[in-house]
Amino acid sequence: MTQDELKQAVAQAAADYVAEHLPEGAILGVGTGSTANLFIAALAPIKHRLGGAVASSEATRQRLEALGIPVVDMNDVERLSIYVDGADEIDSGMSMIKGGGGAQTREKIVAAGADTFVCIADASKRVPVLGRFPLPVEVIPMATRQVARQLAALGGTPKLREGFTTDNGNVILDVHGLSITDPLATETAINQMVGVVTNGLFAARGADLLLLGTETGVQRFSRTGQ
């Protein structure tokens, strides 16, 4: 199977999971990225069951609305039962690197408000140690150089994502060369840097369920084991 076929398989598996576990009329949290886009398309047959969706980016909002799914502001939702999103990397402890599309801050907000975080990914995204994928860090523009120096002190090589502005009006520093053996400690340390909005490590709020597309089919992993 090609990578696109693996992504399509996990997107459909996630839509099936939502159909089975999301209460009728409930609000669904929806992530950002190529696999999330396939998931949105897979929601078409069950969209009438949804009360609406919270989008983690403007791009996702536009896709949901184009499909006829009402988009709800996170401030109008008490809790979400389910949030579905992809990952750039995920380890065996269900910690992730996200933010390849630059939406990690809003993704973290939606994930924090969900009871169950379902990660959908193809097998290439599962790694023993996070960090091969550059870690995105969203930074308030005036703090870019200051934060870059601190990130370099952690052993990484930060590079400004040229020509990119987040939905929040900020910039992204992509940190190359990190080997993240303690994702929670690294996430916390970077978030404490003045000028950082948040970084792409999802360790404090990792995935509860991983739907992983492999050559032998979609495999399920949870925090308590497969």
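Shown above is the structure to which this text applies.
Residues numbered from 1 in each chain as written. Predicted model: local features only at pLDDT ≥ 70, side-chain atom pairs only at ≥ 80, totals over all residues. Heavy atoms only, no water.

(A) Structural detail: helix α6 (residues 183–191). Among the residues of α6, Pro 183, Thr 186, Glu 187 and Ile 190 are the ones counted as buried. The buried side chains of α6 occupy one side of the element, clustering within an arc of 100 degrees when seen end-on. Summarising the contacts, the buried residues of α6 are in contact with α4 (104–112), β7 (135–139), α5 (144–153), β10 (196–199) and β11 (201–202). (Buried < 20%, exposed > 50% of the residue type's maximum accessible area, 1.4 Å probe, protein only. Helix = DSSP H or I, 4+ residues; strand = E, 2+ residues; numbered from the N terminus. Arc of directions from axis to C-beta. Contact = heavy atoms within 4.5 Å.)

(B) Molecular detail of the sheet that holds strand β2 (residues 52–55). Reading across from one edge, β2-β1-β3-β6-β12-β13 is the order of the six strands in this open sheet, with mixed pairing throughout. With partners counted over all chains shown, the strands left at the sheet margins are β2 and β13 (217–222), one partner each. Each adjacent strand pair in this sheet contributes to an overall mean axis angle of 20 degrees, direction not counted. In this sheet, strand β6 (residues 114–122) lies alongside strand β3 (residues 80–85) in parallel orientation, the contact comprising five bridges. (Pairing = 2+ DSSP bridges. Axes fitted to C-alpha atoms, helices over the stretch in contact; angles between N-to-C directions.)

(C) Region of the structure containing the sheet that holds strand β8 (residues 157–160). An order of β8-β9-β7-β10 is seen for the four strands of this open sheet, with the pairing classed as antiparallel. Looking at strand neighbours, the two that pair on one side only are β8 and β10, the edges of this open sheet. Direction aside, the axes of adjacent strands within the sheet are offset by 30 degrees on average. Along the sheet, α4 makes contact with β7, β9 (171–176) and β10, crossing β10 at roughly 70 degrees.

(D) Representation of the packing of aromatic side chains within the structure. If you walk through the whole model with that rule in mind, you get two aromatic pairs. Taken together, a centroid distance of 6.4 Å and an interplanar angle of 70 degrees make the contact between Phe 117 and Phe 202 edge-to-face. Linking Phe 117 in strand β6 with Phe 202 in strand β11, this pair joins segments that are 85 residues apart in sequence. Judged by relative accessible area, Phe 117 falls into the buried class, the value being 0%. Residue class for Phe 202 comes out buried when judged on its relative accessible area of 1%. (Phe/Tyr/Trp six-rings, centres within 6.5 Å; stacked < 30°, edge-to-face > 60°.)

(E) Layout of unusual backbone geometry. In this structure, Met 94 is a non-glycine residue whose phi angle is positive, near 75 degrees. Along the chain, the position of Met 94 falls in the loop between β4 (89–90) and β5 (96–97). Met 94 sits in the buried class, given a relative accessible area of 1%.

(F) Molecular detail of the pattern of salt bridges. Summed over the entire model, instances satisfying the criterion amount to 13 salt bridges. We note a salt bridge from Lys 108 to Glu 187, for which the minimum N-O separation is 2.8 Å. With Lys 108 in helix α4 and Glu 187 in helix α6, this residue pair connects regions lying 79 residues apart in the sequence. This pair shows no difference in class: Lys 108 is buried, exactly as Glu 187 is. (Salt bridge = Lys/Arg side-chain N within 4 Å of Asp/Glu carboxyl O.)

(G) Inspection of the layout of surface pockets at higher detail. Its volume calculated, the largest pocket comes out at about 260 Å³. Lining the largest pocket are 13 residues, and of these Val 54, Ala 55, Asp 73, Met 74 and Arg 106 lie nearest its centre. For the lining of the largest pocket, the elements supplying multiple residues, two or more each, are β2, α3 (58–66) and α4. A per-element tally of the lining of the largest pocket places α4 first, with three residues. Its residues assigned to classes, the lining of the largest pocket comprises seven nonpolar, two polar and four charged. Approximately 180 Å³ is the volume attributed to the second largest pocket. Along the walls of the second largest pocket sit 17 residues, with Thr 32, Gly 33, Ser 34, Ala 87 and Asp 88 positioned nearest its centre. Residue contributions to the lining of the second largest pocket peak at three residues, all from helix α2 (residues 34–42). Grouping the constituent residues of the lining of the second largest pocket by class yields three nonpolar, eight polar and six charged. (1 Å grid on protein atoms, 1.4 Å probe; cavity = no way out; pocket = protein on both sides within 12 Å on 5 of 7 lines; lining within 4 Å. Points joined across faces, edges and corners; volume = space filled by probe spheres on them. Nonpolar A, V, L, I, M, F, W, Y, C, P; charged D, E, K, R; others polar.)

(H) Structural context of the side chain of Thr 144. Of note, Thr 144 is situated in helix α5. Thr 144 sits in the buried class, given a relative accessible area of 16%. Beyond its immediate sequence surroundings of up to four residues, Thr 144 is in contact with Val 139, Leu 160, Val 171 and Leu 173.

(I) Spatial organisation of the pairing of strand β1 (residues 27–30). Burial along β1 is two-sided: the residues Ile 27 and Gly 29 and Leu 28 and Val 30 are all buried. In terms of strand pairing, β1 meets β2 through four bridges, oriented parallel. Of the residues in β2, the one forming a bridge with Ile 27 is Gly 52. Crossover connection from β1 via α2 to parallel β2: handedness right-handed. Two elements, β1 and β3, share two bridges in a ladder whose sense is parallel. Its bridge partner being in β3, Val 30 is matched across the sheet by Val 84. (Right-handed = clockwise from strand over helix to strand, strands pointing away.)

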